[in-house]
Amino acid sequence: MTSTLEFDPFSREYFDDPYDLYRRMRDDAPVYFNEKYGFWALFRYDDVTKAHKDWETFSSSHGVDLFSPNMDPEEIKHYRQIIMMDPPEHDRLRALVSRAFTPRAINALEPMVREVIVSFLAPYDDADAFDAVADFSAPFAVEVISRMLGVPQADRQQIRHWLDIGLHREPGQMAPTQEGMDAQMQSGLYFYELVQDKRQHPGDDMLTLLTQVEVDRGDGQMTKLDDAEIAGFAGLLGGAGAETVTKLVGNAVVLFHRNPAEWQKVLANPGKILPAVEEILRYWPPSQYQGRFSVREATYSGVTVPAGFPTLLVTGSATRDERFFADPDVFNIDRPKSLSLGFGYGVHSCLGAALARMESRIAIEELAKRWPRFVVDEDRCERVQMANVAGYARVPVRRA
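Here is a short report on the structure shown in this document. (Residues numbered from 1 in each chain as written. Predicted model: local features only at pLDDT ≥ 70, side-chain atom pairs only at ≥ 80, totals over all residues. Heavy atoms only, no water.)

1. As for the pattern of salt bridges
If you walk through the whole model with that rule in mind, you get 34 salt bridges. Between R361 and E365 there is a salt bridge; the shortest N-O distance is 3.0 Å. Of this pair, R361 and E365 both sit in helix 15 (residues 353–370), four residues apart, which is roughly one turn of the helix. The two residues R361 and E365 agree in class, both being buried. (Salt bridge = Lys/Arg side-chain N within 4 Å of Asp/Glu carboxyl O. Helix = DSSP H or I, 4+ residues; strand = E, 2+ residues; numbered from the N terminus. Buried < 20%, exposed > 50% of the residue type's maximum accessible area, 1.4 Å probe, protein only.)

2. Concerning the packing of helix 8 (residues 156–167) against helix 9 (residues 178–200)
In contact at an axis separation of 7 Å, helix 8 and helix 9 are set at 145° when each is read in the N-to-C sense. Helix 8 and helix 9 meet at a crossing whose hand is left-handed. Where helix 8 approaches helix 9, its residues I159, W162, I165 and G166 are matched on the opposing element by E179, G180, A183, Q184, Q186, S187, Y190 and F191. Grouping the constituent residues of the contact of helix 8 with helix 9 by class yields six nonpolar, five polar and one charged. (Axes fitted to C-alpha atoms, helices over the stretch in contact; angles between N-to-C directions. Left-handed = near helix turned anticlockwise from the far one by under 90°. Contact = heavy atoms within 4.5 Å. Nonpolar A, V, L, I, M, F, W, Y, C, P; charged D, E, K, R; others polar.)

3. Thoughts on helix 2 (residues 19–28)
Listed as buried for helix 2 are Y19, L21, Y22, M25 and R26. What you see down the axis of helix 2 is that its buried residues fit within an arc of 150°, all on one side. (Arc of directions from axis to C-beta.)

4. Here's the deal with the sheet that holds strand 14 (residues 396–399)
One open sheet holds the three strands; their spatial order is 4-14-11, and the pairing between them is antiparallel. The open sheet is flanked by strand 4 (129–131) and strand 11 (374–376), the only strands paired with a single partner. Direction aside, neighbouring strands of the sheet carry axes that sit 25° apart on average. Here strand 4 pairs with strand 14 via three bridges, running antiparallel. Bridging across to strand 14, F130 finds its partner in V397. (Pairing = 2+ DSSP bridges.)

5. Points about the packing of aromatic side chains
Under the counting rule described, the total for this entry stands at 27 aromatic pairs. Taking the centre distance of 6.3 Å and the plane angle of 50° together, the rings of Y14 and Y289 count as tilted. Here Y14, found in helix 1 (residues 12–16), pairs with Y289, found in the loop between helix 13 (273–283) and strand 7 (290–294); they are 275 residues apart in sequence, far enough to count as distant. An identical accessibility class is assigned to Y14 and Y289; each is buried. For the ring pair Y37 and F39, a centre distance of 6.4 Å and an interplane angle of 25° mean the geometry is stacked. Both residues of the pair, Y37 and F39, belong to the buried class. The rings of F7, F10, Y14, F15, Y19, Y22, Y37, F39, F43 and Y289 are connected pair by pair, giving a single aromatic cluster. Directly above the aromatic system of Y283 lies the positively charged group of R320, at a separation of 3.7 Å from the ring centroid. (Phe/Tyr/Trp six-rings, centres within 6.5 Å; stacked < 30°, edge-to-face > 60°. Lys NZ or Arg CZ within 6 Å of the ring centre and 35° of its normal.)

6. What about helix 5 (residues 89–97)?
Every buried residue belonging to helix 5 is among H90, L93, R94, L96 and V97, and all of these are buried. Seen along its axis, helix 5 keeps its buried residues to an arc of 150°; they face one direction. Here the buried face of helix 5 lies against helix 10 (206–212), strand 5 (214–216) and helix 11 (227–258).

7. Some details on the pairing of strand 2 (residues 39–42)
What you see with strand 2 is no split at all: F39 and A41 on one side and W40 and L42 on the other are buried throughout. For strand 1 (residues 31–34) and strand 2, the ladder comprises four bridges, and the chain directions are antiparallel. Bridge pairing in strand 2 places N34 opposite F39. Here strand 1 hands over to strand 2 after four residues, with G38 in that stretch at a positive phi of 75°. In this structure, strand 2 lies alongside strand 10 (residues 309–313), joined through three bridges in parallel fashion. Bridging from a neighbouring strand, W40 pairs with T311 of strand 10.

8. Structural notes on the nonpolar core
Counting residues in hydrophobic clusters, the biggest one holds 106 residues, and the most contacted among them are F7, F140, F256 and V395. For F7, the residues in contact, after removing those within four places along its chain, are Y14, L21, Y22, M25, Y32, N34, F39, A41, F43, L312 and V314. Counting 16 residues, the second largest nonpolar core, distinct from the first, contains V31, Y45, F325 and L341. (Core = buried A, V, L, I, M, F, W, Y, C linked by side-chain atoms within 4.5 Å.)

9. Details of the sheet that holds strand 7
Here we have five strands laid out as an open sheet, ordered 1-2-10-7-3, and mixed in their pairing. Since the sheet does not close on itself, it has two edges, and those belong to strand 1 and strand 3 (58–59), each with one partner. Note that strand 3 and strand 7 share two bridges and pair antiparallel. Opposite S59, over in strand 7, you have F293 as the bridge partner.

Honestly, that's just the spatial picture; any functional story needs more than this.
See the structure below:
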């Protein structure tokens, strides 16, 4: 379906605020083909959830953004990331890492997570202002996941800077900048060398554990993961763990500023923080779309998506679909529970979703204690321009 509407995920309009455009796409072009970049996109809730479950039609093996399908498929395989694999290989490798994200394992991390969060927020207890992203959510989120991985303390914030540069996109440009590609290479090389170091100097961390486990490759033979596979895990977990929480907490601060009655609910009843996290994920999901590749044709909302095309499953639109949600453009932390798409759905649902929820809950708890009355200077807020991830790079806050 070609439409006079244009959905450009690399445009200034998209980076700034895509939600009015999403509504028009759902109404007039719910299954859309972009001729400029050569991709299809699904915008309605029912279509997006159905496509997430249909991994046999919408493959992840060509990459999960729009730039990757232009690359040599062998190069994508070289990344060794489970997010770029389909079952059964995906399932075998995911099972290894999922041990670190069981409910018991996540609960055991709460003291460490709170210690990290407080360490980045407490210095502003007597301040009149701070930046809720640059000073708080960005540095604490990468600190948590880097500790888990076993990244030395001196290198943890560098991981975040490489991620930010690698995900950045200039308006109208599908590919990373040269600086972004260099940052991705530096990050990959760093984790590769760190894995080699862990084999020589084991520690009590996730990377060390991955050097010791074995996996069935599907032939009945148990073999250890190689350095490239573990480095791929590290890059994926580091990126997802840092970027998602950073954007979620930044979004939370702006949304509570704009909706003070919802913030008062949190102040009056901290038990509402968990449902508030779910509503933030619905209203402004940090991951706005997930990229797939159609390997066979499929029909959605009466339109056939042909085989052989990148296809975006636009979560940011699906979670505002009035066909499924009542008053979808109202931010309401008392909204009835529903299927959450904010951390993905289906075989590629986020491994660290429980950890991200816990980090976000604790961050909001500590903000409520230390900054119960605040105002966001929206004129000085800065949104990121990134592939796949949406949110703020800066959210200046002052005491009310």
